[in-house]
Amino acid sequence: MKHFARTAFASAFAATATFGTALAADWDMPVPYSDKTFHTVNISEFAKDVKAATNGGLNITVHSAGSLIKHPEIKNAVRSQQVQVGEFFLSRLSNEDAAFGIDSQPFVATSYDDAAKLWAAQKPVIIELFAKQNLVPLFSVPWPPQGLYTKGEVKTTADLSGLKFRAYNAALEKFAQLAGAAPTQVEASDIPQAFSTGQVEAMITSPSTGANTKAWDYVSHYTPINAWVPKNIVVVNKAAFDALDADTQKAVMEAAAKAETRGWEMSKAETDAKTAVLKENGMVVVEPSAELLKGLKDIGTQMQTEWQASSSEEAKAIAAEFSK
Ligand code: PCA
């Protein structure tokens, strides 16, 4: 009896030894965005669900706004087992494979229905690409459609010419350049400072990030061009996941599926709610003119042509599946 108990203890100990010596596992989870960001709220809910479902057996501590690991390092921190799980902006990885960046290509998927269809086409490819890095995707949630923040009304793309433009990935940098603007990469948590110091004077982001960074302090106009619906993704290190017992793994996967559904609903609700917050704080919300949209869509078409020419076969297969 004693012998059996000791054996059981020893194997449970071995199973969790990679990440700690306690029988209950403690995971650190860096995320790039602030506590009030709906993605972070959703992830905190996920952590709570996992803790409840495992009776405290798996404890996930969320570290928001890049406080533990900076956004550009989060993926590699999970990969190298510095942390067990983390969130990042999926299309940041477009330099590894265009399959990661397709959701940020202008005017490819511009509604939630399109975004869901694109994710369905993208997901199997993403799972395989991450598997090569010993990463397992848990869930992915979109931001609201991306709109334009400027000082004054933008009637045509010519009005964007020369503007110091905040960018968050390679696709947006390219889009801004093709519009004649001068892009600079700035993390979401650094937006207020970038505007207040004059580093940037315009941006494209969601109503969520606009409202959370108090865009009304720096710009006057919001134009919902709804140009793309980019996603965040949560990935776990495969060894960390494999070290969990089967019941705990199941609890994580169930909580993840719930978080994906909840996150998409939260995102949809954010679009109107946060656009209203922009208005309440004095911003002018202007529908884009036909001329502006045409100019921006032409840039999108040019980017698509280049994307097709330079993308991996896997990425092109996603595009083909999506346009079926
Ligand atoms: N907010 C994030 C990514 C897309 C979005 O809506 C940002 O601006 O960095």
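What this report covers is the structure whose coordinates are included nearby. In this text, all values refer to a predicted model and were calculated from it rather than measured experimentally. (Residues numbered from 1 in each chain as written. Predicted model: local features only at pLDDT ≥ 70, side-chain atom pairs only at ≥ 80, totals over all residues. Heavy atoms only, no water.)

### Quick look at helix α2 (residues 38-53)
Helix length check: α2 (16 residues) gives 22 Å between terminal C-alpha atoms against 22 Å at 1.5 Å per residue, within 8%. Turning to α2, its buried residues number three or more, namely F38, H39, T40, N42, I43, F46, A47, D49 and V50. Where α2 terminates, the next one or two residues include N55, which has phi positive at roughly 50°. (Helix = DSSP H or I, 4+ residues; strand = E, 2+ residues; numbered from the N terminus. Expected span 1.5 Å × (residues − 1). Buried < 20%, exposed > 50% of the residue type's maximum accessible area, 1.4 Å probe, protein only.)

### Section: the side chain of E270
As for its position among the elements, E270 is in helix α9 (residues 246-280). For E270, a relative accessible area of 11% translates into the label buried. Setting aside residues no more than four positions away along its own chain, E270 makes contact with F38, P144, S208 and T275. (Contact = heavy atoms within 4.5 Å.)

### A closer look at the sheet that holds strand β9 (residues 221-223)
Read from one edge of the open sheet, six strands run β7-β6-β8-β5-β9-β11, paired in mixed fashion. Each edge of the open sheet carries a strand with a single partner, namely β7 (182-185) and β11 (284-285). As defined by bridge partners, strand β6 (residues 164-167) adjoins β7 across four bridges and the pair is classed as parallel. By the bridge assignment, K164 is partnered in β7 with A182. (Pairing = 2+ DSSP bridges.)

### Remarks on the side chain of T275
Relative to the elements of secondary structure, T275 occurs in helix α9. Residue class for T275 comes out buried when judged on its relative accessible area of 16%. Those residues within four positions of T275 in sequence are excluded, and the remaining contacts are P207, Y222, E270 and V285.

### Comments concerning the nonpolar core
As a rule of thumb, soluble globular proteins bury nonpolar side chains together. By size, the foremost hydrophobic cluster in this structure holds 99 residues, and its most contacted members are F46 and F130. Top contributing element to this core by residue count: helix α4 (residues 112-131), with nine residues. Apart from the residues within four sequence positions on either side, F130 is in contact with F88, L90, L93, F100, L135, P137, I233 and V235. (Core = buried A, V, L, I, M, F, W, Y, C linked by side-chain atoms within 4.5 Å.)

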